[in-house]
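An overview of the molecular structure
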Amino acid sequence: MNGWSSSLAGAVTIAAGVGLFSVSDQQHVWVYCALLAFGAVLWWVAAAIYSQVDEYEGATEGGANALMHALSKTRLLVDDARLRRFVITRSLLLCSALSAPYYVLLASQHSEALAVTTASFVAISGIASLLSAPFWGLFADRSSRQVMMFAAVVTAVLGLVVVSISHWYPVLFSSAWVLPCVYFVLTIAHEGVRLGRKTYVVNMAEGNQRTDYVSVSNTFIGLVLLIMGASTAWLSQWGIMAVIAVLSVLGLLGALMARALPEVE
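All values derive from a computational prediction rather than experimental measurement. (Residues numbered from 1 in each chain as written. Predicted model: local features only at pLDDT ≥ 70, side-chain atom pairs only at ≥ 80, totals over all residues. Heavy atoms only, no water.)

**Some remarks on the overall build of the protein chain**
Along the protein chain, the regular secondary structure elements total ten helices and zero strands. Listed by position from the N terminus, the elements making up the protein chain come as α-α-α-α-α-α-α-α-α-α. Intrachain contacts of the protein chain at a sequence separation of at least 6 include 84% that bridge at least 24 residues. Carbon and sulfur atoms form 68% of the exposed surface of the protein chain, whose accessible area is close to 15200 Å². (Helix = DSSP H or I, 4+ residues; strand = E, 2+ residues; numbered from the N terminus. Contact = heavy atoms within 4.5 Å. Areas by Shrake-Rupley, 256 points an atom, 1.4 Å probe, with all protein chains shown as cover.)

This is how it looks when you write it as structure tokens:
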């Protein structure tokens with residue numbers, strides 16, 4: 001289900017990318033604003049659809065302060081070794097998401113038509129999601145651990161290849177197809193990371209434990225994102241390739257951590 005829904009989202013993204021191709025230097029700011037407004041409308045439509053979902057009434061006994069209850073659940077990261085290993089793995093797998101902006105920035109440095117580059121990358125990400133998400137979804141049903149591991153390896157190897165090209169043959173980046181193809185592969189890998197970790201945490205937990213696992217891991221990942229975002233911003237003073245290289249190494253570590261996780265399917 002996650003795979004096919006991501007594929008449908010990819011189709012919508014393709015439409016947005018195709019719309020961006022009509023952008024000119026004089027009007028692109030307004031077009032971008034219109035796209036952001038369109039995205040906001042989609043959120044409202046999604047909220048309206050979700051409001052129609054029938055849910056069982058929740059239990060009210062044993063109520064507690066929501067904030068205190070949430071903070072108390074963070075103890076799971078200490079007491080539950082399986083969850084702790086998953087959260088560490090997921091933190092390392094952020095390399096796929098954090099790498100994407102630097103690939104776009106790299107492309108903008110080798111293209112005079114920034115609007116065209118943006119449109120191309122938006123469309124490419126949509127095509128990658130449309131084509132790869134169903135495959136990752138089916139693969140995750142068999143082994144979400146292997147999905148995370150394989151996608152992390154692809155992300156890491158891709159980054160190391162880009163760093164190698166930058167060092168040995170940088171003129172290749174001026175080609176019209178190299179960086180779009182790189183971003184296409186990165187988006188495919190990121191879809192695998194995203195679907196793999198979603199499936200893993202759901203299958204790892206049971207019953208109401210799922211909400212605790214998801215909430216605790218999401219909160220911790222939010223903190224990790226702040227730290228890694230600040231770290232990559234600091235690291236970028238040595239250049240884009242330094243950031244991509246470090247994130248690639250983290251991806252390899254994430255693949256090793258995923259390999260050590262137990263199967264939950």
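**Overview of the side chain of Ser-217**
For Ser-217, the location among the structural elements is in helix α9 (residues 209–235). The buried category is assigned to Ser-217, whose relative accessible area is 1%. Contacts of Ser-217, omitting those with residues within four sequence positions, involve Phe-86, Val-87 and Arg-90. (Buried < 20%, exposed > 50% of the residue type's maximum accessible area, 1.4 Å probe, protein only.)

**Some words on a nonpolar patch on the surface**
A grouping of Val-12, Phe-38 and Leu-42 is seen on the molecular surface, where their side chains present a nonpolar patch of about 250 Å² in accessible area. Take Phe-38: it is sitting in helix α2 (residues 28–50). The exposure class of Phe-38 is partly exposed, given its relative accessible area of 44%. (Patch = residues over 30% accessible without salt bridge, like charges linked within 9 Å, V, L, I, M, F, W, Y side chains within 5 Å. Salt bridge = Lys/Arg side-chain N within 4 Å of Asp/Glu carboxyl O.)

**Comments concerning the nonpolar core**
The biggest cluster of nonpolar side chains holds 28 residues, and the ones touching the most others in it are Tyr-103, Leu-106, Val-162, Phe-173, Tyr-183 and Ile-244. For this core, the secondary-structure elements that each account for two or more residues are α6 (95–109), α7 (114–168), α8 (178–204), α9 and α10 (240–260). Looking at this core, the element that brings in the most residues is α6, giving seven residues. Leu-83, Trp-136, Ala-255 and Leu-261 belong to the second largest nonpolar core, which has 24 residues in total. (Core = buried A, V, L, I, M, F, W, Y, C linked by side-chain atoms within 4.5 Å.)

**What to know about the packing of aromatic side chains**
The tally for this structure, following the rule as stated, stands at seven aromatic pairs. Between Phe-135 and Trp-136 the ring centres are 5.2 Å apart and the planes differ by 55°, which places this aromatic pair in the tilted class. Overall, Phe-135 belongs to the partly exposed group, its relative accessible area being 48%. Seen in terms of ring centroids, Trp-234 and Trp-238 are 4.8 Å apart; in terms of plane orientation they differ by 75°. Their pairing is edge-to-face. With respect to class, Trp-234 is no different from Trp-238; both count as exposed. (Phe/Tyr/Trp six-rings, centres within 6.5 Å; stacked < 30°, edge-to-face > 60°.)

**Considerations on the environment of Arg-259**
Counting through the fold element by element, Arg-259 comes out in helix α10. It is 6.1 Å that separates the C-alpha atoms of Arg-259 and Met-149, two residues lying 110 residues apart in sequence. Look past the residues within four positions of Arg-259 in its chain and what remains in contact with it is Arg-145 and Met-149.

**Here we look at α9**
In this model, α9 (27 residues) spans 38 Å end to end at C-alpha, consistent with the 39 Å of a helix rising 1.5 Å per residue. Those residues of α9 lying buried are Asp-212, Tyr-213, Val-216, Ser-217, Ile-221, Val-224, Met-228, Thr-232 and Leu-235. (Expected span 1.5 Å × (residues − 1).)

**Topic: the side chain of Ser-99**
Along the chain, Ser-99 falls in helix α6. A distance of 2.6 Å separates a polar side-chain atom of Ser-99 from the backbone oxygen of Cys-95. (Polar contact = N/O pair within 3.5 Å; in protein donor to acceptor, adjacent residues only side chain to side chain.)

**Focus: the layout of surface pockets**
Taken as a whole, the largest pocket holds about 1200 Å³ of empty space. Surrounding the largest pocket, 32 residues form its lining, Ala-9, Val-12, Thr-13, Leu-42 and Trp-43 being those nearest its centre. Only α1 (2–20), α2, α6, α7 and α8 provide two or more residues apiece to the lining of the largest pocket. Per-element tally for the lining of the largest pocket: the top contributor is α2, with ten residues. (1 Å grid on protein atoms, 1.4 Å probe; cavity = no way out; pocket = protein on both sides within 12 Å on 5 of 7 lines; lining within 4 Å. Points joined across faces, edges and corners; volume = space filled by probe spheres on them.)

**Considering the pattern of salt bridges**
Scanning all chains against the criterion turns up three salt bridges. With its nearest N and O atoms 3.3 Å apart, the salt bridge here joins Arg-75 to Asp-79. Across the pair Arg-145 and Glu-263 runs a salt bridge whose closest N-O atoms are separated by 3.0 Å. Linking Arg-145 in helix α7 with Glu-263 in the segment after α10, this pair joins segments that are 118 residues apart in sequence. On the basis of relative accessible area, Arg-145 is assigned to the buried category, the value being 12%. Look at Glu-263 and you get partly exposed, because its relative accessible area is 39%.

**Observations concerning the packing of α6 against α8**
Packing of α6 against α8 brings their axes to within 10 Å, and their N-to-C directions diverge by 170°. Accordingly, the angle class assigned to the pair α6 and α8 is roughly antiparallel. Crossing hand, α6 versus α8: left-handed. When α6 is examined against α8, the residues Ser-96, Ala-97, Ser-99, Ala-100, Tyr-103, Val-104, Leu-106 and Ala-107 are found in contact with a partner set consisting of Leu-179, Val-182, Tyr-183, Leu-186, His-190 and Val-193. Its residues placed into classes, the contact of α6 with α8 shows eleven nonpolar, three polar and no charged. (Axes fitted to C-alpha atoms, helices over the stretch in contact; angles between N-to-C directions. Parallel < 35°, antiparallel > 145°, perpendicular 65-115°, else oblique. Left-handed = near helix turned anticlockwise from the far one by under 90°. Nonpolar A, V, L, I, M, F, W, Y, C, P; charged D, E, K, R; others polar.)

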